[in-house]
Amino acid sequence: MGEAVVGAMGIIALLLLILAGTPIGIALLSVGFAGFAWLVSPTAALSLLAEETFLTLSSYSLAVLPLFFLMGQMAFQAGMSQRLFATAYSWMGHLPGGLAMAAVGGCAGFSAISGSSSATAATMGLVALPEMRKYDYNLSLATGAIAAGGTLGILIPPSVVLIIYGIQTEQSIGRLFVAGILPGLLLTSLFIATILIMTLKNRSLGPQGPRTSFKEKLASLPGALEALVLFGLVMGGLLAGWFTPTEAGGVGALGALVIGLARGKIRPRDIGRAAVETALVVAMLFLILVGAMMFGKFLAVSRIPTELAQWVIGLPVPRIVVLVLIMAIYALGGCIMDALSFLLVTISVFYPMVVRLGYDPIWFGVVMVILLEMGAITPPVGINVYVIKGVAKDVDLELIFKGVFPFFLAMIVCLAILIICPSIALVLPNLY
């Protein structure tokens, strides 16, 4: 049996295990180990498993993950999400759909200190949804705006998905972080524009809130200032070369803790809760990473990525056609798997292909994240939609999915702009 055939069988087996409900880390590890043992030897597979497990768990680069997760947890315990929403509400609440715009703005702000899509959606859902109910907002718009706004958590740095992409493809995490800033602001603006267009056409969707005075607007700014300072410290330190991405995560976590303590919002039990939540997420993530490493080695010896890339390069079609096909696969794949898992399953196949086609890997990382964001709000999985459903138990899933559709269109517009003008994602990294 040829190597490529074994590789194809492994991919099919992986998909079947995932569809059967097997945890993604276990599925990747099992197929990767069995496939490598078949193509090389069981002894070599055991040796590789031990080596990859040790390298993953002892990796200095991967230490950035628990630190940024801890930063987000500390920021949540410190109540930054509530203050970010309050600031955005003071400035935009009086506009048609202003509360929904404030929720998106709050999501963007919290994304800058979180790095997680579902955590951003859940946090802002708890904060903003009750306010929108109070002013009789259309629940489809309200839940859709928060579910879509939450996806900014994996685009605006620090982004867990960009960290993993950087590690898997050996790209600079700092450059990837910087690359996500302008596209993140662009997508945030498109979300806000979408809300404005919808509510101007039908004002009953998002009634205007009370107008605040300029003095009240200024008084609300300190609520966003602490998040801005924390983001500036982390990203500014990276850009200035004061510290590495891993050190930036540590500085961010410490900064969030200091802010929480200074405000009297964090108590000892909150620190313990943040540490436990971080440990649970990171343990699951590291299992997925070990499995992905094994699966990637199996694919490498099967030569599927190399042969597939060579075949695609030889197709008599423009490279944009191949790119659109890859983008379609990521958008569809994100519908059935969470963003990080799908990235780890596919990156070893598609990354060599994209590089061979001549696309910038930093730019592709940003595009890929937006594609995975689209999957996070589309059925059947649409993880962010289920997160919002958990917050708003009385709202039907169909209603939430209907609410995210206009924002899905905004993401397509964002992708089109990035394809036409890739410098939006590359101008800042080229200065880094």
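Everything discussed here concerns the structure shown above.
Residues numbered from 1 in each chain as written. Predicted model: local features only at pLDDT ≥ 70, side-chain atom pairs only at ≥ 80, totals over all residues. Heavy atoms only, no water.

This part covers the overall build of the protein chain. In terms of helices and strands, the protein chain carries 21 helices and zero strands. Rg of the C-alpha trace for the protein chain: 22 Å, near the compact-globule value of 22 Å for 432 residues, within the 12% margin. Principal-axis analysis of the C-alpha atoms gives the protein chain an extent of 75 × 50 × 45 Å. When burial is assessed residue by residue, the protein chain has 54% of its 432 residues classed as buried. Counting contacts in the protein chain only where the partners sit at least 6 residues apart, residues at least 24 apart contribute 81% of the total. Roughly 17,500 Å² of accessible area belongs to the protein chain as shown, and the carbon and sulfur atoms make up 71% of that amount. The centroid of the 21 positive side-chain charges in the protein chain is displaced by 11 Å from the centroid of its 18 negative side-chain charges. (Helix = DSSP H or I, 4+ residues; strand = E, 2+ residues; numbered from the N terminus. Rg over C-alpha atoms; globule rule 2.2 N^0.38 Å. Buried < 20%, exposed > 50% of the residue type's maximum accessible area, 1.4 Å probe, protein only. Contact = heavy atoms within 4.5 Å. Areas by Shrake-Rupley, 256 points an atom, 1.4 Å probe, with all protein chains shown as cover. Lys, Arg positive; Asp, Glu negative; His and termini not counted. Charge placed at Lys NZ, Arg CZ, Asp CG, Glu CD.)

For helix H11 (residues 181–201), spanning 21 residues, the distance from its first C-alpha to its last is 31 Å, which sits close to the expected 30 Å at 1.5 Å a residue. Burial in H11 covers these residues: Ile181, Pro183, Gly184, Leu187, Thr188, Leu190, Phe191, Thr194, Ile195 and Thr199. (Expected span 1.5 Å × (residues − 1).)

Time to look at unusual backbone geometry. Residue Pro158 follows Pro157 across a cis peptide bond; omega there is 0°. The residue Pro158 is located in the loop between helix H8 (139–150) and helix H9 (160–169) in this model. Non-glycine residue Glu170 carries a positive phi angle of around 60°. Residue position: Glu170 is located in the loop between H9 and helix H10 (173–179).

Bringing the packing of helix H2 (residues 24–39) against helix H14 (residues 268–302) into the picture now. Relative to each other, H2 and H14 sit at 30°, their axes nearing to 7 Å. With respect to their mutual orientation, H2 and H14 come out roughly parallel. Crossing angle aside, the handedness with which H2 passes H14 is left-handed. Residues Ile24, Gly25, Ile26, Leu28, Leu29, Val31, Gly32, Phe33, Gly35, Phe36 and Leu39 of H2 pack against Leu287, Ile288, Val290, Gly291, Ala292, Met294, Phe295, Lys297, Phe298, Val301 and Ser302 of H14. A per-class count over the contact of H2 with H14 returns 16 nonpolar, five polar and one charged. (Axes fitted to C-alpha atoms, helices over the stretch in contact; angles between N-to-C directions. Parallel < 35°, antiparallel > 145°, perpendicular 65-115°, else oblique. Left-handed = near helix turned anticlockwise from the far one by under 90°. Nonpolar A, V, L, I, M, F, W, Y, C, P; charged D, E, K, R; others polar.)

A surface patch of nonpolar side chains, amounting to about 380 Å² of accessible area, comprises Val317, Ile320, Val321, Val324 and Leu325. Turning to its location among the elements, Leu325 is positioned in helix H16 (residues 319–336). (Patch = residues over 30% accessible without salt bridge, like charges linked within 9 Å, V, L, I, M, F, W, Y side chains within 5 Å. Salt bridge = Lys/Arg side-chain N within 4 Å of Asp/Glu carboxyl O.)

Before going further, it helps to examine the pattern of salt bridges. Enumeration over the complete set of coordinates arrives at three salt bridges. Between Asp270 and Arg267 there is a salt bridge; the shortest N-O distance is 3.5 Å. Assessed through its relative accessible area of 4%, Asp270 is described here as buried. A salt bridge links Arg273 to Asp270; the nearest nitrogen and oxygen atoms lie 2.8 Å apart. Of this pair, Arg273 and Asp270 both sit in helix H14, three residues apart, roughly one helical turn. Connected through shared salt-bridge partners, Arg267, Asp270 and Arg273 make up one network.

Turning our eyes to something else, we now look at the environment of Ala44. If you trace the backbone, Ala44 turns up in helix H3 (residues 42–57). For Ala44, a relative accessible area of 24% gives the class partly exposed. In sequence terms Ala44 and Leu15 are 29 residues apart; their C-alpha atoms lie 25 Å from each other.

What follows concerns the packing of aromatic side chains. All told, the structure shown has four aromatic pairs when counted by the stated rule. Consider the rings of Tyr165 and Tyr351, whose centres lie 6.2 Å apart with planes at 80°: the pair is edge-to-face. One end of the pair, Tyr165, is in helix H9; the other, Tyr351, is in helix H17 (residues 339–356), with 186 residues separating them in the sequence. The side chain of Arg319 reaches across the aromatic face of Tyr359, ending 4.1 Å from its centre. (Phe/Tyr/Trp six-rings, centres within 6.5 Å; stacked < 30°, edge-to-face > 60°. Lys NZ or Arg CZ within 6 Å of the ring centre and 35° of its normal.)

Turning next to the environment of Ala128. Tracing the backbone through its elements, the reader meets Ala128 in helix H7 (residues 117–134). Separated by 262 residues in sequence, Ala128 and Gly390 place their C-alpha atoms 14 Å apart.

With that settled, the discussion passes to H7. With 18 residues, H7 extends 25 Å between its outermost C-alpha atoms, agreeing within 8% with the 26 Å of an ideal straight helix rising 1.5 Å per residue. A maximum bend of about 40° is found in H7 at Gly125. The complete set of buried residues in H7 reads Ser117, Thr120, Ala121, Thr123, Met124, Gly125, Val127, Ala128, Leu129 and Met132. (Bend = angle between axes of the 7 residues up to and from the residue.)

Once that is clear, we can look at the side chain of Thr151. Among the structural elements, Thr151 can be located in the loop between H8 and H9. Look at Thr151 and you get buried, because its relative accessible area is 0%. For Thr151, the residues in contact, after removing those within four places along its chain, are Ser117, Phe191, Glu373, Ala376, Ile377, Asn384 and Met411.

As a further point, take the nonpolar core. Among soluble globular proteins, nonpolar side chains are generally buried collectively. Among the nonpolar cores identified, the biggest contains 137 residues, and Leu65, Tyr330 and Met368 are the most heavily contacted of them. If one sorts the elements of this core by residue count, helix H18 (residues 361–375) sits on top with eleven residues. Apart from the residues lying within four places of it in its own chain, the contact partners of Met368 are Val161, Tyr165, Tyr330, Leu343 and Ile347. Counting residues in hydrophobic clusters, the runner-up holds seven residues, among them Phe36, Leu48, Val290 and Met294. (Core = buried A, V, L, I, M, F, W, Y, C linked by side-chain atoms within 4.5 Å.)

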